[in-house]
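# Architecture and fold: a report
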Amino acid sequence: MAPFNPPNTVLSGFKERPEALLAQGDKLYVGTATGSLFIYEYNELSENGSTLVDTKKGLSRRSIDQLGYIKDINSLVSLSETIPTLYPLPSFTPPTPLTRAKGALSFAVHSSVQNLDPNEAQGGANTAGRAGPIPTMVTQLIVGCRRKVVIYTWKDGEAQEIQEAVLPHSPRVVVFLDSDNVCFAYSPTEYALFSISKLTTLEVTTPIPSNTSMGAFSGLTGYMTLGLGAKAKPGLVRLSDTEALIVKDNQGFIIGTDGKQTKPVTIDWPGPPDEVAFVNPYIFSILPPGTVPVPENGGTSLPSGSAPAASQPSLIPSPVVQVISSLTTQPVQTLPFPPTSSASSPATCTIRLLTSSPAAKAPIFLVVTPSDRTVAISEGSSIWHIRMRSWGDQIDELVQRCLYSDALSLLDTLDKTLLPDKDQRRTQIRALHAVSQFRLGKFDDAINSFIELDLNPAKVVALYPERIAGRLSVPPDDWIPLFGGPANQQSLTPKNDDAMSTKSQNDSNESKEKLLEQSVSPAMPVKAAVRRGAAFVALLSSSKDKDDDTVSISGKKKVKQVDDFSRSVDALWRYLTDRRPKVAGALAAVHIAPAQSHQWPFLSETSTEELFALPNIPLLLLTPEQLVRFAQIVDTALFKSYLVTQPALLGALCRLANWCEVSEVEEELRAREKFAELIYLYNGKKMHAKALNLLQQLSEKETDMRDKLDPSISYLRKLGPEYINQVFESSRWIFEADRHMAFEIFTSDDVELPRIQVTDYLEKIDPTISTRYIEYLIDEKGEESPAFHDRLAELYLNMTLSARKRGDEAKELEVYSKLLRFIDTTDHYRPDRLYGLLSESLYEARAVLLGRMGRHEHALELYVYKLKNYAKAEEYCRRIYNPNGVTKSVFLTLLRLYLRPTDKAAPNLLQPALDLISRHSPHLDSVETLQLLPPLVTARDVRPFLQEALRAPIFDSHVIRDIHKARSEQVARKLMLLESRRVRVTDSRICPQCHKRLGSSVIAVHAPRGEVTHYQCRDAFARRLLDPIRR
């Protein structure tokens, strides 16, 4: 079935020659060669044609070459007399000629919504208070003139600055790709890309056309009749925002914004097309008479009154509209014109292909004009409209012909509003396409699609042989109906699919060539048919018939078949391992675990019809019963595939929780000595007692203790609190073998067992192990409960007393040190409770506990009088000292215990007291310290203390004042003593320096013996007294 309906007449008997056409809303504008504009009311869905509503005679003096519409300003653009003119609708007045675009040859209009900066939006208007990009409707009119291009722009209806750029040639056809890239056609062989933002051009380069059809010259009369002159019109259409189609001779090239081909394939016409147009996703082309062969598939009928020629090949004698899919670049429909009988012969009319707008969804109109002037005057021209068939019918036809890729490509071009069931169709076609890929040996691609589509795993497993799929296996002929395809589709596939998989490579190539030669219809998907050369069913059948000597294949081919089968199974593993965790997650959401598998009906109790009828929907939308069926199908298939091909991989399945029945695999695993897999399977089914018993049996074969116990320890470490009794029961024999290794059972990071129960259990076995467990809880797990701290302290205490009774001094010292360190470093136990349990001989522990209870003086008494460890007493004071708290006088308390003993048997502690004063003088009250010192203590003994005390502010008013007073009194006494001493000078007293009589001269008295000299002799005599030699 062709994608388009037969053309229907919109207008007939149109006396003037249409040159331009535009469909806008419910109006159809037709511009003629005489410069008139006819306006019709037209409904695309109506069968009554159109109704003339207005005529603008003489809108221009010459032919209207092109029409366009600018929505922003609601104006019609008309190109006539090489000048584009804007006509406001609906009044058409006043017209605005675009004089800067004088010499115009063509134009194109593009509208888009762009997020512009506030300064760019509204042409730089005041946008104060607007932050961020502003959505703006931008309309661009680009006019190709003689050797230049003129660009008009409107933003939200406001005209912007006009841009111009000089070109090397004159663009005869202009099409937009996007808002920045434009494609120009200078001539039928010269094309270029133009960037609006950069105002630069890029020449389009394509390969030289490989051939040229001689039939191209037969259609030149159409150009002459349509007023195009002797020059052929370039072929250029826009396909998308990134692609355009250019025509060179009889080949079409799809180019991108970089000026290069985006697809390696080209579109080949039997002759150069007169015109081309595009309606997504189809390319229309008009081919001259005598260039297109008559199709033999019945898809096209010739006009009445005409018959195919007797020569081979038979050619259509009239102009032809050929429709090509842009997705596959293959013809899909051929329409001879005119399609109905006419007074003129088919070959005496010319066709003009007119699109109403450059949009990809615009309707297609054709103008048919008799070549004979007399007939053209009497009958006039006719305008035809080609309507597309429904998208659903087109897709159904592609599916019926096994063209799944083409159907998917077509679906991708459609909006959901055009095809409401698009998603459902896409899912079904993708599934059918995946089945086709699977049959061709593309297992990974097929499995990827199955995973993405959330298909029923029963259908996927059904594609495999019985030894893997079991009773779910389906013959290849039933694969397509199984996945929702047409039941009679197999007749459309190549008959020799299965045979080709067992022939040599040369035979395969010959078959492909035969298929290619037999394809006579242009619409036949030759490449898709050839690709079906390797059917998976033949691989599976050959793997089952290993002893068939009648199949003549080489050894190398056999290896390839086995490899393909292995790849298919690998793909199945990937599918099943992807489904397993997702199904498990969906089951967990409804609180169903594999351990509950015995509560559900077995898979064998459900018919294959019920399993195939399970829905293809996301797992979260399935009911719990359906999820369980999925889990059973997946795990059963996975186990069987591992068992058939890779038994070594069974452990990967058994290690995870699954829906396999243990009773069906237990004995077989034991027989194969797959003990590790069996243990994993037991664990997944929560049969821990069986697993631990098996581990204990296996341990008897080991000689190394680590190898003997590690498996059981590792297993027990993973059991949760709900299996605490099983853990206690199964770990006892491990403790009997090696207690240190057995302790690892209760230090697991994966699970958390009840700590109190574990502590009680371990204490019954050995208090040392219980102590080690509580230490682990406190150090590693951050346990802060007083119950565990008290219990650990009691265990330390009991172990200390027990070691003392046994006379084990080393053990006693070790445990007692742990007790002291514990009670001294932690704050989470109750010291008063523990203090009541201590014996009188544990002085240091009692001192620590007394300190914890705030009885620091009693604690210091034990350090000083009982332990006689003055360093620890001093360290104790240093640790608890707080200058702003209740312990600010703790050093003074210790000093008092040294100097004022409360124990009558205490020795003389003056030296420890003096050491304390010298080391901690800043922490002692100076006055009270001095009051505590015995009278015989000299200032030299406490000199550092006094120096430190003198720096204290309290001595500014007491000690310093008294020292100054004492100093003043000392100086006064010395002065009085000196003043009381005198010398007597007589007339006969001689100066000991110059040996002259003193007389009444000024004298100087020298200390300390009172020598009297002349005043002027004092310095010399003083030096003499200091020099013992001269003396």
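Located above this text is the structure these notes cover.
The structure reproduced in this document is the subject of the present report. Just so you know, these numbers come straight off a predicted model, no measurement behind them. (Residues numbered from 1 in each chain as written. Predicted model: local features only at pLDDT ≥ 70, side-chain atom pairs only at ≥ 80, totals over all residues. Heavy atoms only, no water.)

## Notes on the environment of Y865
Condition: A run of H or I in DSSP becomes a helix once it reaches four residues, and a run of E becomes a strand once it reaches two; helices and strands are each numbered from the N terminus. Note on exposure labels: buried denotes an accessible area under 20% of the residue type's maximum, exposed denotes more than 50%, and partly exposed covers the range between, all computed with a 1.4 Å probe on protein chains only. By definition, residues are in contact when any of their heavy atoms lie within 4.5 Å. Think of a polar contact as two N or O atoms within 3.5 Å of one another; within protein, one of them needs to be a possible hydrogen donor and the other a possible acceptor, and neighboring residues in sequence only count if both atoms come from side chains.
Within the secondary structure, Y865 sits in helix α30 (residues 856-866). What makes Y865 buried here is its relative accessible area of 8%. In this structure the C-alpha to C-alpha distance between Y865 and A905, which are 40 residues apart in sequence, comes to 8.4 Å. Beyond its immediate chain neighbours, meaning those up to four positions away, Y865 contacts L897, R900, P901, T902, D903, A906 and L909. A polar atom in the side chain of Y865 sits 3.2 Å from the backbone nitrogen of T902.

## With respect to the sheet that holds strand β2 (residues 18-24)
Applied cut-off: By this definition, two strands are paired if DSSP reports at least two bridges between them. Every axis corresponds to a line fitted to the C-alpha atoms, with the helix fit spanning only the stretch in contact, and the corresponding angles, defined between N-to-C directions, vary from 0 to 180 degrees.
Read from one edge of the open sheet, 4 strands run β2-β3-β4-β5, paired in antiparallel fashion. Unpaired on one side and paired on the other, β2 and β5 (50-56) mark the two borders of the sheet. Taking each pair of neighbouring strands and ignoring which way they run, the sheet shows an average axis angle of 25°. When β2 meets strand β3 (residues 27-32), the two strands line up antiparallel, connected through 6 bridges. Residue pairing for β3: Q24 is matched across the bridge by K27.

## Comments concerning the pairing of β3
For β3, a buried count of 5 out of 6 residues is recorded, marking the element as mostly surrounded by other parts of the structure. The turn joining β2 and β3, which pair antiparallel and follow one another in sequence, is formed by 2 residues; a positive phi near 65° is taken by G25. With 5 bridges connecting them, β3 and strand β4 (residues 37-42) associate as antiparallel partners. Bridge pairing in β4 places Y29 opposite I39. As consecutive antiparallel partners, β3 and β4 are separated by 4 residues, and within that stretch G35 has a phi angle of approximately 90°, a positive value.

## Here we look at the state of the cysteines
Quick note on the threshold: When two cysteine sulfur atoms are found within 2.5 Å, that pair is recorded as a disulfide.
The full count for this structure, using the stated rule, is 0 disulfides. Just so you know, C994 is unpaired, no disulfide at all, and the nearest cysteine sulfur is the one on C991, 3.7 Å from it.

## Considerations on helix α29 (residues 843-852)
Within α29, 8 of the 10 residues are buried, which leaves it mostly tucked inside the rest of the structure. Against the buried residues of α29 lie α27 (809-825), α28 (831-835), α30 and α31 (870-880). Of the residues one or two after α29, G854 is the one with positive phi, at around 90°.

## Structural notes on the sheet that holds strand β25 (residues 320-325)
Note: strands within a sheet are paired through backbone hydrogen bonds, in either parallel or antiparallel orientation. Judged by pairing direction, the sheet is antiparallel, and its 4 strands sit side by side in the order β23-β24-β25-β26 without closing on themselves. Every other strand in the sheet has two partners, leaving β23 (275-279) and β26 (331-336) as the edge strands with one partner each. Sheet twist, expressed as the average angle between the axes of neighbouring strands with direction ignored, equals 20°. Sheet topology places strand β24 (residues 282-287) next to β25; 6 bridges connect them, and they run antiparallel. Bridged to F284 within β25 is V323.

## Remarks on the environment of F728
With respect to the helices and strands, the residue F728 is situated in helix α22 (residues 724-737). Judged by its relative accessible area of 13%, F728 falls in the buried class. When the C-alpha atoms of F728 and L716 are compared, they prove to be 9.4 Å apart, with 12 residues separating the residues in sequence. Aside from chain neighbours lying at most four places away, what touches F728 is F746, Q757, V758 and Y761.

## Some points on the environment of K866
With respect to the helices, strands and loops of the structure, K866 is situated in helix α30. Judged by its relative accessible area of 46%, K866 is partly exposed. Measuring from C-alpha to C-alpha, the distance between K866 and A906 comes to 9.3 Å, with 40 residues separating the pair along the chain.

## So, the pattern of salt bridges
Just so we agree on the cut-off: We define a salt bridge as a side-chain nitrogen of Lys or Arg found within 4 Å of a carboxyl oxygen belonging to Asp or Glu.
Taken as a whole and judged by the stated rule, the model has 39 salt bridges. Measuring nitrogen to oxygen at the nearest pair gives 2.8 Å for the salt bridge that ties R425 to D396. Highlighted residues: R425 in helix α5 (residues 422-439) and D396 in helix α3 (residues 391-400), separated in sequence by 29 residues. Classification of R425 by relative accessible area gives buried; the value is 18%. D396 sits in the partly exposed class, given a relative accessible area of 39%. Linking K416 and D423 is a salt bridge whose minimum nitrogen-to-oxygen distance equals 2.9 Å. Classification of K416 as partly exposed rests on a relative accessible area of 45%. Look at D423 and you get partly exposed, because its relative accessible area is 39%.

## A look at the packing of helix α26 (residues 786-806) against α27
Note the following rule: Orientation categories follow fixed angle ranges, with anything under 35 degrees roughly parallel, anything over 145 roughly antiparallel, 65 to 115 roughly perpendicular, and all other angles oblique. Two helices that cross are described as forming a left-handed crossing if the nearer one is turned anticlockwise from the farther one by less than a right angle, and a right-handed crossing if clockwise.
Between α26 and α27, whose axes approach to 8 Å, the crossing angle comes to 155°. Looking at the two axes, α26 sits roughly antiparallel to α27. Here the hand of the crossing between α26 and α27 comes out left-handed. Contact residues: H789, L792, A793, Y796, L797, M799, T800, A803, R804 and R806 in α26; K811, E812, V815, Y816, K818, L819 and F822 in α27.

## Focus: the packing of aromatic side chains
Our working definition: Stacked, edge-to-face and tilted are the three classes for Phe, Tyr and Trp ring pairs, Trp counted by its six-membered ring, which pair at centre distances within 6.5 Å; planes under 30 degrees apart are stacked, over 60 edge-to-face, the rest tilted.
Applying the stated criterion across every chain yields a total of 23 aromatic pairs. Ring centres of F4 and Y282 lie 5.3 Å apart, and the angle between their planes is 75°; on these two criteria the pair is classed as edge-to-face. Of this pair, F4 sits in the segment before β1 (8-14) while Y282 sits in strand β24; the two residues are 278 residues apart in sequence, bridging distant segments of the chain. With respect to burial, F4 and Y282 carry one shared label: buried. Here F184 and F194 contribute two aromatic rings whose centre-to-centre distance is 5.5 Å and whose plane-to-plane angle is 25°, an arrangement assigned as stacked. Here F184 is found in strand β16 (residues 181-187), whereas its partner F194 is found in strand β17 (residues 190-195), with 10 residues between them in sequence. Grouping residues by exposure puts F184 and F194 together as buried.

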